[in-house]
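# Working through the structure, step by step
Residues per chain, in single letters:
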Amino acid sequence: MLRKTGTLIALIHSELSEALEAHREGDVENFAEEMADVVIRVADLCGGYGIDLEAAIVAKMERNRQRPRLHGKRY
Ligand SMILES: [Mg+2]
C-alpha cells in the first residue's frame, strides 16, 4: 500500500485536473463527475490506510471552526 501511495495521490491530482478542464469547458455534468472521481479516489486511499474519513472530516471541520478566519493568511 505505501509503495502505491504516491501513484494514488497523483491520480487524485489527475482527477482534479480533469475537473478543471470540465469547468473551463463549461461542462457542469462532467465537472460533477470528475469531482465525484476525486472523492472516490480519496476515500479509496484512506480506506487502504484504515482511516475513518468521515470522522477525520468532522474533526477537521470542528478545528477549522475554532480558528480565526484565514488564520493570518491573505486567502
Ligand atoms: Mg475522471
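The shown structure was predicted, so the numbers you read here are calculated from the model rather than taken from an experiment.

### Some thoughts on a positive patch on the surface
- A cluster of like positive charges, contributed by Lys60, Arg63, Arg67 and Lys73, occupies part of the molecular surface.
- Secondary-structure assignment places Arg63 in helix 3 (residues 53–66).

### Digging into the packing of helix 1 (residues 5–24) against helix 2 (residues 28–48)
- Contact pair helix 1 / helix 2: the axes reach a minimum separation of 8 Å and the direction vectors enclose 165 degrees. As far as their axial angle goes, helix 2 and helix 1 are roughly antiparallel. Between helix 1 and helix 2 lies a crossing whose hand is left-handed. Contacts between helix 1 and helix 2 involve Thr5, Leu8, Ile9, Leu11, Ile12, Glu15, Leu16, Glu18, Ala19, Ala22 and His23 from the first element and Asn30, Phe31, Glu34, Met35, Asp37, Val38, Arg41, Val42 and Leu45 from the second.
- Its residues assigned to classes, the contact of helix 1 with helix 2 comprises twelve nonpolar, three polar and five charged.

### A look at the coordination of the magnesium ion
- Around the magnesium ion, the protein supplies Glu15 (OE), Glu18 (OE), Glu34 (OE) and Asp37 (OD) as donor atoms, at distances of 2.0 to 2.3 Å.
- For Glu18, a relative accessible area of 35% corresponds to the partly exposed category.

### Here we look at unusual backbone geometry
- Positive phi, close to 65 degrees, is recorded for Leu70, a residue that is not glycine.
- Mapped onto the secondary structure, Leu70 falls in the segment after helix 3.
- One non-glycine residue with positive phi stands out, namely His71, at about 30 degrees.
- Take His71: it is sitting in the segment after helix 3.

Cut-offs and rules
- Residues numbered from 1 in each chain as written.
- Predicted model: local features only at pLDDT ≥ 70, side-chain atom pairs only at ≥ 80, totals over all residues.
- Heavy atoms only, no water.
- Patch = residues over 30% accessible without salt bridge, like charges linked within 9 Å, V, L, I, M, F, W, Y side chains within 5 Å.
- Areas by Shrake-Rupley, 256 points an atom, 1.4 Å probe, with all protein chains shown as cover.
- Salt bridge = Lys/Arg side-chain N within 4 Å of Asp/Glu carboxyl O.
- Lys, Arg positive; Asp, Glu negative; His and termini not counted.
- Charge placed at Lys NZ, Arg CZ, Asp CG, Glu CD.
- Helix = DSSP H or I, 4+ residues; strand = E, 2+ residues; numbered from the N terminus.
- Axes fitted to C-alpha atoms, helices over the stretch in contact; angles between N-to-C directions.
- Parallel < 35°, antiparallel > 145°, perpendicular 65-115°, else oblique.
- Left-handed = near helix turned anticlockwise from the far one by under 90°.
- Contact = heavy atoms within 4.5 Å.
- Nonpolar A, V, L, I, M, F, W, Y, C, P; charged D, E, K, R; others polar.
- Donors = N, O, S within 2.8 Å, 3.2 Å for Na, K, Ca; no water.
- Buried < 20%, exposed > 50% of the residue type's maximum accessible area, 1.4 Å probe, protein only.

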